[in-house]
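What the coordinates show
What follows is the residue order along each chain.
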Amino acid sequence: MNSIYQYFRAIWYGFSSLWKGMMLTGHYLVHPKKILTEQYPENRDTLYIPDRFQGEVVLPHDENNEHLCTGCTICEMNCPNGSIKIITQQVVTPEGKKKKELDKWVYHLGLCTFCGQCIDACPQDAIKMSNAFEHSVYDRKVLTKVLNQPGSKLKSAKK
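The protein chain goes by NADH-quinone oxidoreductase subunit I in an unreviewed UniProt entry, where it is assigned to Prolixibacter denitrificans.

We now examine the domain arrangement of the protein chain. Each domain of the protein chain was delimited in the assignment, giving domain 1 (2–34) and domain 2 (56–154). Between the C-alpha centres of domain 1 and domain 2 the distance comes to 51 Å.

One number sums up the size of the largest pocket: a volume of about 460 Å³. Of all elements in the fold, only strand E3 (84–92), strand E4 (98–108) and strand E7 (153–154) reach the threshold of two or more residues within the lining of the largest pocket. Per element, the largest residue contribution to the lining of the largest pocket is 5 residues, and it comes from E4. Across the lining of the largest pocket, the residue classes tally to 7 nonpolar, 8 polar and 8 charged.

This next bit is on unusual backbone geometry. Although it is not a glycine, threonine 73 adopts a positive phi angle of roughly 65°. Mapped onto the elements, threonine 73 comes out in the loop between strand E2 (66–67) and helix H2 (74–78). Of note, phenylalanine 114 is a non-glycine position whose phi angle comes to about 60°, a positive value. Note that phenylalanine 114 resides in the loop between E4 and helix H3 (117–121).

Below, the discussion takes up the side chain of asparagine 65. Assignment of secondary structure puts asparagine 65 in the loop between strand E1 (56–58) and E2. Judged by its relative accessible area of 19%, asparagine 65 falls in the buried class. At a separation of 3.1 Å, a polar atom in the side chain of asparagine 65 contacts the main-chain carbonyl oxygen of proline 150. Once residues within four sequence positions are removed from consideration, asparagine 65 is found in contact with Gln149, Pro150, Gly151, Ser152 and Lys153.

On to the environment of alanine 132. Along the chain, the position of alanine 132 falls in the loop between strand E5 (128–130) and strand E6 (144–146). When its relative accessible area of 32% is taken as the criterion, alanine 132 is described as partly exposed. For the pair alanine 132 and valine 142, spaced 10 residues apart in the sequence, the C-alpha separation amounts to 15 Å.

Strands pair in a sheet through their backbones, by hydrogen bonds, and they do so in one of two ways: parallel or antiparallel. In spatial order, the strands read E3-E4-E6; together these 3 strands make up an open sheet with antiparallel pairing. Both edges of this open sheet fall to E3 and E6, since each of them pairs with a single strand only. Mean inter-strand twist for the sheet, computed between neighbouring axes without regard to direction, equals 25°. Relative to E6, E4 runs antiparallel, the two being bridged by 3 bridges. Bridge pairing links valine 106 to valine 146 in E6.

Among the surface-exposed residues, Ile4, Tyr7, Phe8, Ile11, Phe15, Leu18 and Met22 lie close enough to one another that they form a single nonpolar patch of about 760 Å² accessible area. When you line up the elements, methionine 22 lands in helix H1 (residues 2–30).

Cut-off values and rules
- Residue positions are counted from 1 within each chain, in the order its sequence is given.
- In keeping with the model being predicted, local features are shown solely for residues with a pLDDT of at least 70 and side-chain atom pairs are shown and tallied solely at 80 or more, while totals for entire chains, interfaces and linings include all residues.
- Calculated side-chain values reflect all of the structure's heavy atoms, with hydrogen atoms and water omitted.
- Boundaries of every domain are those given by an automatic assignment or by a domain database.
- Only protein atoms enter the calculation, which uses a 1 Å grid: trapped sets of points that fit a 1.4 Å probe without letting it out are cavities, open sets showing protein on both sides within 12 Å along at least five of seven lines are pockets, and any residue with an atom within 4 Å of a point is a lining residue.
- Grid points are joined across faces, edges and corners, and a volume is the space filled by probe spheres set on the points.
- Runs of H or I in DSSP of at least four residues are treated as helices and runs of E of at least two as strands, each being numbered from the N terminus.
- Under the grouping applied here, Gly and all other residues not named as nonpolar or charged are polar, the nonpolar ones being Ala, Val, Leu, Ile, Met, Phe, Trp, Tyr, Cys and Pro and the charged ones Asp, Glu, Lys and Arg.
- To sort residues, take the accessible area from a 1.4 Å probe on protein chains only and compare it with the maximum for the residue type: under 20% means buried, over 50% means exposed, and anything in between is partly exposed.
- Side-chain atoms alone can form a polar contact between residues adjacent in sequence; in general such a contact is a pair of N or O atoms within 3.5 Å, and within protein one must be able to donate a hydrogen while the other accepts it.
- Here a residue-residue contact requires only that any non-hydrogen atoms of the pair lie within 4.5 Å.
- By definition, two strands form a pair when at least two bridges between them are found by DSSP.
- Here, axes are lines fitted to C-alpha atoms. For helices the fit covers the stretch in contact, and angles between N-to-C directions go from 0 to 180 degrees.
- Within the patch definition used here, like charges are joined within 9 Å and nonpolar side chains (Val, Leu, Ile, Met, Phe, Trp, Tyr) within 5 Å, considering only residues with over 30% relative accessible area and no salt bridge.
- Each accessible area is a Shrake-Rupley result for a 1.4 Å probe, and residues are judged covered by the shown protein chains and nothing else.
- Criterion for a salt bridge: a side-chain nitrogen of Lys or Arg within 4 Å of a carboxyl oxygen of Asp or Glu.

So, in structure tokens, the structure goes:
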């Protein structure tokens, strides 16, 4: 007897849930000005994207093609899924000392979960999150990016 009661009770809850959904649909059908759906991509010019939106990691460069990344690889170590690969090289300074320098900052956008742990971990604040959100491509290889620009170098310390 108890199982029959639970069976009909589940049917009743199913119909009541369906009725609530149909009432909401009917309400929006009668009041079209309250519809919240954005007509993307037609509204691309008027689209508002909040500043806190995390779209992808970028390595900002100034007008002299200089960046703040020292190649310490802390962001790479903090990335939970390995979407960052920092490639460094040893260079000899004019004083004759060996110094580690950034060669390539490789970012795999297809692997990134946009968690921001790399941004939080960077001691130099060299990397930021951009508002870019259109990442649809036909080839996955396009999602692998080298973030440091050709010929870029470390910004010299202010004296």
